[in-house]
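A structural walkthrough
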Amino acid sequence: MAEYKKVKVEAGKSGWGGPLEIQPTDERKYIVCITGGGIHPVAQKIADLTGAEAFDGFKSSPEGSFKAMACAVIDCGGTARIGVYPMKGVPTIDIHDTTPAGPLAQFIKEENFVSGVSEDQVTEA
Amino acid sequence: MHIYSSEIVRIGDQASLFLDEGIVVFFGDNAPEELQDFAVIHKLNEISEEIIVGSKILLSDANLEVTAVGPVANENFKNLGHLVLKLDSATEAALPGDVSCKYDKKPVIEIGDRLEITQ
């Protein structure tokens, strides 16, 4: 049994939603990063502080798919990824300043989504 | 000038959630399975230029012309093969990832159809 620490993720100055508390578990143990260019520094910091594994979600899907994700870090422009991960029950962190929009907006809540996040908004809880 | 040329290889089971609202969400065929479910998937090829206002898009049987480009749209396309086309003729992108277009008709997209983007 791995011991994971909890982190708090707050919205950036022009962001929306949150704060979220991310607590990885043995079941939800991946900090999945779905951005261009590998692991984003925000995902890496969450991984470092929690002790969970940062996972490049654009190269492959973790075993267990959505159910294995402690959270998803995205660089969504506002329409698609912003809704897909909240809809599937995954706490979602957008590095861009987005607010709920698109056909899946109904699934995006302050309890499961936070945006405008940089490394400064990730702290130990 | 040539920007991008590809073909549609898959249409996700839930892509209609977006298509019904005049939004075509593209991902490349390297995208993770959980995103492919929601998207129209193109065979990822080399992207030679940025999409700008006035770029022409041939998608299936429809001719589109770009009317607005959001500030992160080209970055998403280049990095992830991810493109969000909105058939709303907007002259200002509503969201940072949007590529808004006017069109001669709404595309009816099927597997094997072409996606051609030119200047």
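As a reminder, the structure under discussion sits directly above these lines.
The rules behind each value
- Residues numbered from 1 in each chain as written.
- Chains lettered and ligands numbered in written order.
- Predicted model: local features only at pLDDT ≥ 70, side-chain atom pairs only at ≥ 80, totals over all residues.
- Helix = DSSP H or I, 4+ residues; strand = E, 2+ residues; numbered from the N terminus.
- Rg over C-alpha atoms; globule rule 2.2 N^0.38 Å.
- Buried ≥ 20, exposed ≤ 12 C-beta atoms within 10 Å, placed from the backbone.
- Contact = placed C-beta atoms within 7 Å.
- Pairing = 2+ DSSP bridges.
- Axes fitted to C-alpha atoms, helices over the stretch in contact; angles between N-to-C directions.
- Nonpolar A, V, L, I, M, F, W, Y, C, P; charged D, E, K, R; others polar.
- Core = buried A, V, L, I, M, F, W, Y, C linked by C-beta atoms within 7 Å.

1. Some words on the overall build of chain A
- Scanning chain A from terminus to terminus reveals two helices and eight strands.
- Along chain A, from the amino end to the carboxyl end, the secondary structure elements read β-β-β-α-β-β-α-β-β-β.
- Relative to a compact globule of 125 residues, whose C-alpha radius of gyration would be 14 Å, chain A shows 13 Å and is just as compact.
- C-alpha extents for chain A along the principal axes are approximately 40 × 30 × 25 Å.
- Counting every position in chain A, which comprises 125 residues, the buried fraction comes to 52%.
- Of the contacts formed within chain A by residues at least 6 apart in sequence, a portion of 55% connects residues at least 24 apart.

2. Things to note about the sheet that holds strand β6 (residues 92-94) of chain A
Residues and elements named next belong to chain A.
- Pairing within the open sheet is parallel, and its five strands lie in the order β4-β3-β5-β6-β7. Pairing within the sheet leaves two strands with one partner each, and these edge strands are β4 (53-56) and β7 (113-115). Along the sheet, successive strands turn relative to each other by an average axial angle of 20°, direction set aside.

3. Quick word on the pairing of strand β4 (residues 56-59) of chain B
- Alternating positions in β4(B) separate cleanly, B:Ile57 and B:Leu59 being buried on one face and B:Lys56 and B:Leu58 remaining unburied on the opposite face.
- Joining the antiparallel neighbours β4(B) and strand β5 (residues 62-69) of chain B is a turn of two residues, in which B:Ser60 adopts a positive phi near 55°.

4. So, the pairing of strand β5 (residues 69-74) of chain A
Residues and elements named next belong to chain A.
- Burial within β5 is extensive, with six of its six residues counted as buried.
- In the sheet, strand β3 (residues 30-34) pairs with β5 via five bridges, with the strands oriented parallel. If you follow Ile34 over to β5, its bridge partner there is Ile74.
- Bridging between β5 and β6 involves three bridges; their strand directions are parallel. When the bridges of β6 are listed, Ile74 appears paired with Asp94.

5. Here's the deal with the environment of B:Ile109
Residue and element names in this part refer to chain B.
- Relative to the helices and strands, Ile109 is located in the loop between β7 (98-103) and β8 (114-118).
- As for Ile109 and Val40, which are separated by 69 residues in sequence, their C-alpha atoms are 8.6 Å apart.
- In this view, Ile109 contacts Ile8, Ile11, Val40, Leu59 and Ser60; residues no more than four positions away in its chain are not counted.

6. Here we look at the sheet that holds strand β3 (residues 40-42) of chain B
- Judged by pairing direction, the barrel is mixed, and its eight strands sit side by side in the order β1-β3-β2-β6-β7-β5-β4-β8 (chain B) before closing back on the first. Averaged over neighbouring strand pairs, the angle between their axes works out to 35° when direction is ignored.

7. Remarks on the interface of chain B and chain A
- On the chain A side, the residues contacting the 24 residues of chain B number 20 residues.
- Only α1 (16-19), β2 (23-28), α2 (33-36) and α3 (73-80) of chain B provide two or more residues apiece to the side of chain B that touches chain A.
- In terms of residues, the side of chain B that touches chain A owes the most to one element, α3(B), which gives five residues.
- For the side of chain B that touches chain A, a count of residues per class yields 15 nonpolar, four polar and five charged.

8. Focus on the nonpolar core
- Counting 73 residues, the largest nonpolar core has A:Ile31, A:Cys71, A:Ala72, B:Val25 and B:Ala39 as the members making the most contacts within it.
- A total of six residues in this core trace back to one element, the largest contributor, which is β5(A).
- Once residues lying within four places of it in the same chain are set aside, the contact partners of B:Ala39 are A:Ala80, B:Gly12, B:Ala15, B:Val25, B:Phe26, B:Phe27 and B:Ala31.

9. Some thoughts on the environment of A:Val114
All names here are of chain A.
- The topology assignment puts Val114 in strand β7.
- Expressed as a C-alpha distance, the spacing of Val114 and Ile22, which sit 92 residues apart in the sequence, is 12 Å.
- Leave out the neighbours within four places in its chain, and Val114 touches Val9, Glu10, Ala11, Gly15, Gly17, Gly18, Pro19, Leu20 and Ile93.

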